Structure formats: C-alpha cells, structure tokens
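Residue-level structure breakdown
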Amino acid sequence: MTDIEIQLNGAAAGPGPVPGQRTGARSAGLHAKLDDRAREIVARYPADRSRSALLPLLHLVQSEEGYVSPAGVEFCADVLGLNKAQVGAVATFYTMYKRRPTGDWLVSVCTNTMCNVLGGQQVYDALTEHLGVGHDETTADGSITLEHAECLAACDYGPVMTVNYDFFDQVDPDSAVGVVNELRAGNRPQPSRGARLCTLKEMSLQLAGFSDPRQEAVADGQAGDPTLRGLRLAQQHGISVAGYDPNTPIKGRDTGDKPAPATTRPAAATGTTAPDVKAPDGKSPQVRTAETRAPDASTPAPDAPGTKAPVDGVPAGPTDARAAEAAGADANPPASDGKPAGDGDGSDAQERSLKEAKE
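Residues numbered from 1 in each chain as written. Predicted model: local features only at pLDDT ≥ 70, side-chain atom pairs only at ≥ 80, totals over all residues. Heavy atoms only, no water.

1. Topic: the confidence of the model for the chain
This is how the line gets drawn: Confidence of the predictor in every single residue is expressed as pLDDT, which spans 0 to 100. Only DSSP runs of H or I with at least four residues qualify as helices, and only runs of E with at least two residues qualify as strands; both kinds are numbered from the N terminus onward. Two residues qualify as a contact provided that any one of their heavy atoms is within 4.5 Å of a heavy atom in the partner residue.
Considering every residue of the chain, the mean pLDDT works out to 76; 62% of them sit at 70 or more. The least confident element of the chain is helix H1 (residues 3-9), whose mean pLDDT is 46; the most confident is strand S1 (residues 105-110), at 96. Low pLDDT (under 50) marks residues 1-22, which in the prediction has 38 contacts with non-local residues, meaning those over four places away or in another chain. Scored below 50 in pLDDT, residues 262-277 makes 10 contacts in the model with residues more than four places away or belonging to other chains.

Here it is as structure tokens:
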C-alpha cells in the first residue's frame, strides 16, 4: 500500500505520516465521496511534491460542499499529511476558496477605478437593494451570493459583472438585476463571452482538473469588440508582421516536420556549481520540513524545502560557522538611535536638496 493510500484510508489504516494524526470524524463523509478523485489529483505530482496538490484538492472539496468547510480542511490535511493550520493558511489566502456556505451563483461586481467611473458602484448598489444582501452575503433562498470585487481585469468592457467568474460586460443596474432574476428563476443566461454558465460546484470541479460533462460546457460565445479592435485596425491599415504569411501552416509533428532544435540557454546564477538533485523519497514531507526549519550541525544546508544540496569541496564545519558569525557581528555593530553624521537638525534639508538639484 502506498503512502497516499495509507493517508486516504484514514482511520482504517491507522496513523498517517504526521505522528498521532488520524482521519477525523468530520471528514469521514468526504473521504467516502472524494477519495478516488483525490488519489487521481495527488498522482499528477511527483511523489516528493504531493503538497502541490493542495490547491486542486481545495477546489475538489468546494465542488462537493459549495465552500471549504472545516471538514474539507481536515480532509485535505489527511490526504497530504499536513496539519490543519497549513491547509487553512492556503484556503484563507485565495479569495476563490469560500470559507462559508455560498450560493449556486456567485455574483461579483467590479467597483474598482475604471468600472466605478463607468457606473460599477451603482450596479452594486442596485443589486444590494434588489437582493437584500451586502458584500459576501447570500440570499435567504441560498441561491445567490453577492460580492464587490476590486478588479475583474476587463477594463475595456466596464462596468463588468461576473457570475461564477464568467463575464457580463457593460452592465447597468437594470441589466444586472435582469441577470439575477433569470438565475433565481432557474435559468442560465448566456455570458457576454465564453461558455454557458455553470454552478459554483460545477466550476470548482473543473478547477480541480476534471472535465465538465455538460453539452453546453463547450464555449459558444466569441471575443468581444474591444478585444478584436486591434486586429481590425491592423487589417484596415494593412499592418502585419514583416515576412509573415498567414497562409503558411505552422510546422508541427502532425505534418511530419521535425521539431526545431532545442536552444541552449545559460543557466541562471545560483551561487553554486553543484548539480541539482532530486529529493529523497525515503523521508516523509514532515521530516524533511522539520530538518529544513530546525537544522543542527549534522543537517546539510537545504537548497529548497525537502532537498539536500550537494556542496563544492569540503562542507563547512560548526567551528567555521561560529567564526563566520562572529566576524559578521564585529563588522556590523548595532544601529543606534542617533542621527547619521552630517544630518544636523534637518532644518536645512530642503535647501540642500534644491542646491543639489541646480547642480
């Protein structure tokens, strides 16, 4: 049985890689529903980099519960051999992970500078009054969660509103209210660009790396006019890349052409000529992390969390390290509260600046 299987089987398999950690009762239901997909997600990453699976695992939890619940945090910790504080730190950093129950439809209105000038705040205010909720609040029927967003990266379409991160461009209070009314009626209005709307849970499953089986998941929208404006101006004025023939097919393996030879670029300076090495598989992530955070005299200097960096020549011993530390302390006396020499009382600072500027 692999380490991942031991972790995913939880209490049935006994303690996981973290000493004394077992699958909690809160996450038992999630293990029963999500273990197969969790295994598939973790298998995408190298065995010594399984922690990288945390982001898609959080999306997987959200696809089941509609938010990252305490049970979901516990589930991710069980799967990856982390503690709940480590998982919670990631889940609270990214706004796409919701920490409270969220409606099927997350309606976000941009109120940042450009959209605000074009009427974004009026759109948000109209939705607040119409839905009877404020920022990060959900309607009584549990269907819609409203939030204002600082920027939705679509200034040329402002004011913009998204539903589960799909765009509705150049909205006004009336059109925004019309969209949410359609959502509450059970319809899925077509966004200005991209595929037909999907619920928050369906979207989270896609972000976890699983395809959407819905027939309407294939994008049936098209790029908007502001996006195509540069292309149309180039066509209108006959501007094109020098020597580019749009009728020339791109060479690739499917056409029998050989791929272009790989170019050799100088490696970035890392301060060492020692080669990179793969992290050892014999140690758990917890042991490697502990060695990295609390090294002793026998612990080689890590090049990255979980790896041992080979050194050039003979490694420095404890005596050398203490001598270097003492030399550094002597060369860098503690800073005092006094002003640097020559600053005076600061009253002539402006006069000196003006004089230097004239020179």
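2. Thoughts on the nonpolar core
The criterion, for reference: What we call a nonpolar core is a set of buried Ala, Val, Leu, Ile, Met, Phe, Trp, Tyr and Cys residues that are connected through their side-chain atoms within 4.5 Å. For every residue, the accessible area obtained with a 1.4 Å probe (protein chains only) is divided by the maximum for its type, and the residue is called buried under 20%, exposed over 50%, and partly exposed between those limits.
With 27 residues, the main nonpolar core has Leu57, Leu58 and Leu60 as its most contacted residues. Elements with a minimum of two residues in this core: helix H2 (28-42), helix H3 (54-65), helix H4 (70-80) and helix H5 (84-91). Here the element with the most residues in this core is H4; it accounts for 7 residues. Apart from the residues within four sequence positions on either side, Leu60 is in contact with Leu34, Arg37, Ala38, Ile41, Leu205, Ala208 and Phe210. If you look at the next biggest cluster of nonpolar residues, it comprises 20 residues, including Leu146, Phe168, Ala176 and Leu183.

3. Topic: the pairing of strand S3 (residues 144-149)
Short version of the rule: Only strands joined by at least two bridges in the DSSP assignment are considered to pair.
Counting buried positions along S3 yields 5 of 6 residues, so the element is predominantly enclosed. Bridge analysis of S1 against S3 gives 6 bridges, and the strand direction is parallel. Within S3, the residue paired with Ser108 across the bridge is Glu147. Taken together, the 2 bridges between strand S2 (residues 137-138) and S3 define a ladder with antiparallel strand orientation. Paired with Thr138 across the two strands is Thr145, which belongs to S3. Here S2 folds back onto S3 in antiparallel fashion, the turn holding 5 residues, of which Gly142 has a positive phi close to 75°.

4. Regarding the sheet that holds S3
The condition that has to hold: Angles run from 0 to 180 degrees between N-to-C directions of axes, and those axes are lines fitted to C-alpha atoms, restricted for helices to the stretch in contact.
The mixed open sheet is built from 5 strands, whose spatial order is S2-S3-S1-S4-S5. Edge positions in the open sheet fall to S2 and strand S5 (166-168), since each of these has one partner strand only. For strand S4 (residues 161-163) and S5, the ladder comprises 3 bridges, and the chain directions are antiparallel. Considered in S5, the bridge of Val163 is made with Asp166. Along the sheet face, helix H8 (residues 173-184) touches S1, S3, S4 and S5 and points at about 10° away from the line of S4.

5. Looking at unusual backbone geometry
Omega for the bond connecting Gly158 with Pro159 falls within 30 degrees of zero, at -5°, which places this linkage in the cis form. In this structure, Asp136 takes a positive phi of about 60° despite not being glycine. Tracing the chain through its elements places Asp136 in the loop between helix H7 (120-131) and S2. Positive phi, close to 50°, is recorded for Asn164, a residue that is not glycine. For Asn164, the position within the fold is in the loop between S4 and S5.

6. Structural notes on the environment of Ala85
Relative to the assigned elements, Ala85 resides in helix H5. What makes Ala85 exposed here is its relative accessible area of 59%. Between the alpha carbons of Ala85 and Glu74 there is a distance of 9.6 Å; along the sequence they are 11 residues apart.

7. Overview of helix H9 (residues 200-207)
Those residues of H9 that sit buried are Leu200, Met203, Ser204 and Leu205. Close packing links the buried residues of H9 with H2 and H3.

8. Describing the packing of H4 against H5
Using the following cut-off: Each angle is binned into one of four classes, with values under 35 degrees roughly parallel, values over 145 roughly antiparallel, values of 65 to 115 roughly perpendicular, and all other values oblique. Helix crossings are classified by the rotation of the near helix relative to the far one: an anticlockwise turn of less than a right angle makes the crossing left-handed, while a clockwise turn makes it right-handed. Amino acid classes used here: Ala, Val, Leu, Ile, Met, Phe, Trp, Tyr, Cys and Pro are nonpolar; Asp, Glu, Lys and Arg are charged; the rest, including Gly, are polar.
Running from N to C, H4 and H5 cross one another at 120°; their axes reach a closest spacing of 9 Å. With respect to H5, the axis of H4 lies oblique. Considering only the axes of H4 and H5, their crossing is right-handed. On H5, the residues touching Val73, Glu74, Cys76 and Ala77 of H4 are Lys84, Val87 and Gly88. Across the contact of H4 with H5, the residue classes tally to 4 nonpolar, 1 polar and 2 charged.

9. Observations regarding the pattern of salt bridges
What counts here: We count a salt bridge whenever a side-chain nitrogen from Lys or Arg sits within 4 Å of a carboxyl oxygen from Asp or Glu.
According to the stated counting rule, one finds 9 salt bridges in the structure shown. Note that Asp36 is salt-bridged to Arg39, the shortest N-O span being 3.4 Å. Here the residue Asp36 and the residue Arg39 both occupy positions in helix H2, the gap between them amounting to 3 residues, near one helical turn. According to the relative accessible area criterion, Asp36 is exposed, its value standing at 61%. The salt bridge partner of Lys98 is Glu147, with a shortest N-O separation of 3.3 Å. Of this pair, Lys98 sits in the loop between H5 and S1 while Glu147 is found in strand S3, placing the two residues 49 residues apart along the sequence. Looking at Glu147, the relative accessible area reads 11%, which means it is buried.

10. Comments concerning the packing of H3 against H5
With their axes 11 Å apart at the nearest point, H3 and H5 run at an angle of 80° to one another. Comparing their axes, H5 and H3 come out roughly perpendicular. In contact with Leu54, Leu55 and Leu58 of H3, H5 contributes Val87, Val90 and Ala91.

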